[in-house]
Amino acid sequence: MKLYAPSTIKEIKNQYNFRLSKSLGQNFLTDKHIIDRIIEGSRIGPEDLVIEIGPGIGVLTAEAAENAKRVVAVEIDNGLIPILEDTLKEYDNITILNQDVLKTDFSTIVSAYKTEGKTKIIGNLPYYITTPILMKLLEERVPADSITVMMQKEVADRIKADPGNKNYGALSVAVQYYCRVSQIAEVPKEVFFPPPKVDSAVLRMDIREERPVVLQDETLFFTCIRAGFGQRRKTLLNSLTGAAGLSKDAVREVLQTAGIDSGRRVETLNLDEFATLANSMADYKS
Ligand code: SAM
């Protein structure tokens, strides 16, 4: 049985009286080529633990189970649980958890199911919570090696954007601080059932073992990013005034010590410059 075929999805819906939920972002993949690209792009090895976010009816889960030691899939919709137990019954290396991924404790999953290999997170994400899922994984320092996920193309464009690009923003700097980002595929809406409103892309985010910049105070680094991009049309001098309780004169001094022109705009700063700025702010405050 081709799990990914639209006819199979329709059969399963009838058999289980299952209704697809728009609000849970249920757009199922129907293209084997894209499924293979995600699995190959995530570089799963035979000893690896794979954690999948939102398995749906199990198209990616089955492929991951063929390639990994163990797969743990987190699905919020309890209507999909009996379906997954059926579609994946031939595999003895899959565990399905009926949970909200935003409340999932990934460290506990990793310690409970740890294998000899690496830990890879994969998924065709529910698009209504793409950013919260990624920020939760990164801010909680998920003990995994990489995250390979499909998301709306617009968010992928923001994540991988470089300084000066119109899509460059707080999300680009935050994700690039934690990960090295590569795009695996661009995906048209037609390969989903039902098709979503937007095109998609698959990114692999390799989680860095070491941070790319040395920071005295990580909180100040994120304060600069948030304050700067919160008012991206303003000069750095103006957008940073008030951040971390600093007056305009203090910000002027901080920028001068960092060697950053106070008339520049935040979208021109690279990771190194954000770090220099945050460290200069930390020195000023100490
Ligand atoms: N992996 C399947 C595929 O590619 O065909 C389904 C992907 S579908 C885009 C997103 C999946 O995430 C759905 O199965 C949906 O029920 C599930 N989901 C939505 N919100 C979730 C949440 N908060 N926690 C866990 N799963 C969630």
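Please read these numbers as outputs of a predicted model, since none were measured by experiment. (Residues numbered from 1 in each chain as written. Predicted model: local features only at pLDDT ≥ 70, side-chain atom pairs only at ≥ 80, totals over all residues.)

A.B. asks: Outline the packing of helix H2 (residues 32-41) against helix H3 (residues 59-67), supporting the account with residue identities and numerical values.
C.D. replies: Two elements in contact, H2 and H3, have axes whose closest approach is 10 Å; the angle formed by their N-to-C orientations is 45°. Between H2 and H3, the crossing angle belongs to the class labelled oblique. Seen along the crossing, H2 lies across H3 with a hand that is right-handed. When H2 is examined against H3, the residues Ile35, Ile38 and Ile39 are found in contact with a partner set consisting of Val59, Leu60, Glu63, Ala64 and Asn67. Here the contact of H2 with H3 is built from residues that sort into 6 nonpolar, 1 polar and 1 charged. (Axes fitted to C-alpha atoms, helices over the stretch in contact; angles between N-to-C directions. Helix = DSSP H or I, 4+ residues; strand = E, 2+ residues; numbered from the N terminus. Parallel < 35°, antiparallel > 145°, perpendicular 65-115°, else oblique. Left-handed = near helix turned anticlockwise from the far one by under 90°. Contact = placed C-beta atoms within 7 Å. Nonpolar A, V, L, I, M, F, W, Y, C, P; charged D, E, K, R; others polar.)

A.B. asks: Outline the confidence of the model for the chain, supporting the account with residue identities and numerical values.
C.D. replies: For the chain, the mean per-residue pLDDT works out to 97, and 100% of the residues sit at or above 70. For this predicted complex, the interface confidence reaches an ipTM of 0.99, while the overall pTM sits at 0.96. (pLDDT = per-residue confidence, 0-100.)

A.B. asks: Lay out unusual backbone geometry with the relevant residues and their values.
C.D. replies: Proline 194 follows phenylalanine 193 through a cis peptide bond whose omega is -15°. If you trace the backbone, proline 194 turns up in the loop between strand S8 (192-193) and strand S9 (200-207). You will see that asparagine 17, though not glycine, has its phi angle at about 50°, which is positive. Its location among the elements puts asparagine 17 in the loop between helix H1 (6-16) and strand S1 (28-29). A positive phi is found at alanine 244, a non-glycine position, where the angle reads about 55°. Within the secondary structure, alanine 244 is located in the loop between helix H10 (236-240) and helix H11 (248-258). Owing to 19 C-beta atoms within 10 Å, alanine 244 belongs among the partly exposed residues under this scheme. (Buried ≥ 20, exposed ≤ 12 C-beta atoms within 10 Å, placed from the backbone.)

A.B. asks: Kindly report on the sheet that holds strand S3 (residues 70-75), identifying the contributing residues and their values.
C.D. replies: Sheet strands associate in pairs through backbone hydrogen bonding, adopting either a parallel or an antiparallel arrangement. Pairing within the open sheet is mixed, and its 7 strands lie in the order S4-S3-S2-S5-S6-S9-S7. Strands with a single pairing partner mark the edges of an open sheet, and in this sheet they are strand S4 (94-98) and strand S7 (179-187). Sheet twist, expressed as the average angle between the axes of neighbouring strands with direction ignored, equals 20°. Here strand S2 (residues 49-53) runs beside S3; their pairing, made up of 5 bridges, is parallel. Opposite isoleucine 51, over in S3, you have valine 72 as the bridge partner. (Pairing = 2+ DSSP bridges.)

A.B. asks: Outline the environment of methionine 151, supporting the account with residue identities and numerical values.
C.D. replies: Looking at the element boundaries, methionine 151 is found in strand S6 (residues 146-152). Overall, the presence of 25 C-beta atoms within 10 Å leaves methionine 151 in the buried class. Sequence separation between methionine 151 and valine 187 is 36 residues; the distance between their C-alpha atoms is 9.4 Å. With residues up to four places along the chain from it excluded, the contact list for methionine 151 reads Leu125, Tyr127, Thr130, Ala156, Ser200, Ala201 and Leu203.

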